[in-house]
Amino acid sequence: LVIGDLRMGAMELLNKRNGEFSEEDVKLATLIAGRAAVAVQIGRQREQREKADRLASIGQALSSVIHDFRTPMTIISGYVQLMAMEEKAEARKEHAEVVLRQFDFINDMTRELLAFARGESELLLHKVYVNRLLEDLRELLTRELDQNGVKLQIDDSYKGVIRVDEVKFRRLIFNLARNARQAMPDGGVFTIRVYESNDGVAFDFCDTGAGIPEEIRDHLFESFVTSGKPDGTGLGLAVVKKIVDEHGGTIDVKSEPGKGACFSIWMPKRLDVNA
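Presented here is an overview of the structure given in this document. (Residues numbered from 1 in each chain as written. Predicted model: local features only at pLDDT ≥ 70, side-chain atom pairs only at ≥ 80, totals over all residues. Heavy atoms only, no water.)

**Quick notes on helix 5 (residues 236–246)**
Right, so step 1: All buried positions along helix 5 are accounted for by Gly236, Leu237, Ala238, Val239, Val240, Ile243 and Val244.
Right, so step 2: Gly248 lies just past helix 5 and shows a positive phi near 75°. (Buried < 20%, exposed > 50% of the residue type's maximum accessible area, 1.4 Å probe, protein only. Helix = DSSP H or I, 4+ residues; strand = E, 2+ residues; numbered from the N terminus.)

Structure representation (structure tokens):
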């Protein structure tokens, strides 16, 4: 079985029911061998493409997780510095608890990546009280935004629960907060609004930055798309879109030049699923 200079294998005919092999038999066998070689080559190429696609998917997932490691690592660094300067044991204990929660967050993201590499991709849905989640994240988000002098405003009119993968949903919020901070290098306001909408829960994440450049607006949620951000990777919004899609939600963006951008996310409550 040969294609070009590549020997792919061999086909052996051991016997013939009536008589010996003829020249016609050899011609027929040669034809079959040629077709078989082509089939083997196509199969090998398909297998190679599948492996390449899988590696590319794992690489993209790894890139997104490494991208999201920035947030917990920044928080850990900040709180370790506070612990070093803090004299009160009770305050150091509180800082240590924050650090330990961030390590749990890192472990969860690592497990998610390993599951993806094994071909597993599932949501670990839990009942999450939105107002408690946002209050829990308020200080951490404030520290993220303070790097650029950005103020945080939270307007939560929804006091109920939704069923989401909390680890992924936290990643979504931090990615949008980081994206907003990068869009406001000289300061501004980042607002999170939460309210009921169409049997679900709506989240508006709005900034007062320069708005989304026209040249990337149609490709905003694709991987590695970025513009004008010195530390941007182009992965944050792609991760956000993937998380929204996994939850069966929707995402929309409105932006005007010089008036900032607003990402509107709708998520189903999923209250029909048992806790």
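**Some thoughts on the nonpolar core**
Right, so step 1: Within the largest apolar cluster, 47 residues are counted, with the highest numbers of intra-cluster contacts made by Phe169, Leu172, Ile173, Phe190, Phe203, Phe205 and Ile265.
Right, so step 2: Apart from residues no more than four positions distant in its own chain, Phe169 is found in contact with Leu133, Ile162, Val164, Phe203 and Met267. (Core = buried A, V, L, I, M, F, W, Y, C linked by side-chain atoms within 4.5 Å. Contact = heavy atoms within 4.5 Å.)

**Remarks on helix 4 (residues 166–183)**
Right, so step 1: Taking 1.5 Å of rise per residue, the 18 residues of helix 4 would be expected to cover 26 Å, and the 26 Å separating its terminal C-alpha atoms lies within 8% of that figure.
Right, so step 2: The buried count for helix 4 comes to 16 of 18 residues, which makes it a mostly enclosed element. (Expected span 1.5 Å × (residues − 1).)

**Observations concerning the state of the cysteines**
Right, so step 1: In this structure the tally under the stated criterion is 1 disulfide.
Right, so step 2: A disulfide bridge connects Cys206 with Cys262, and the sulfur atoms are separated by 2.1 Å. You can see Cys206 sitting in strand 7 (residues 200–207) and its partner Cys262 sitting in strand 9 (residues 261–268), a full 56 residues away along the chain.
Right, so step 3: Under the relative-accessibility criterion, Cys206 is labelled buried at 11%.
Right, so step 4: Given the relative accessible area of 16%, Cys262 is considered buried. (Disulfide = S-S within 2.5 Å.)

**Thoughts on the sheet that holds strand 6 (residues 188–197)**
Strands pair in a sheet through their backbones, by hydrogen bonds, and they do so in one of two ways: parallel or antiparallel.
Right, so step 1: Read across the sheet, 5 strands follow the order 4-6-7-9-8 without closing on themselves; strand pairing throughout is mixed. The outermost strands of the open sheet, each flanked by one partner alone, are strand 4 (150–156) and strand 8 (250–255). Across the sheet, the axes of successive neighbouring strands diverge by a mean angle of 15°, strand direction being ignored.
Right, so step 2: Alignment of strand 8 against strand 9, held across 6 bridges, turns out to be antiparallel. (Pairing = 2+ DSSP bridges. Axes fitted to C-alpha atoms, helices over the stretch in contact; angles between N-to-C directions.)

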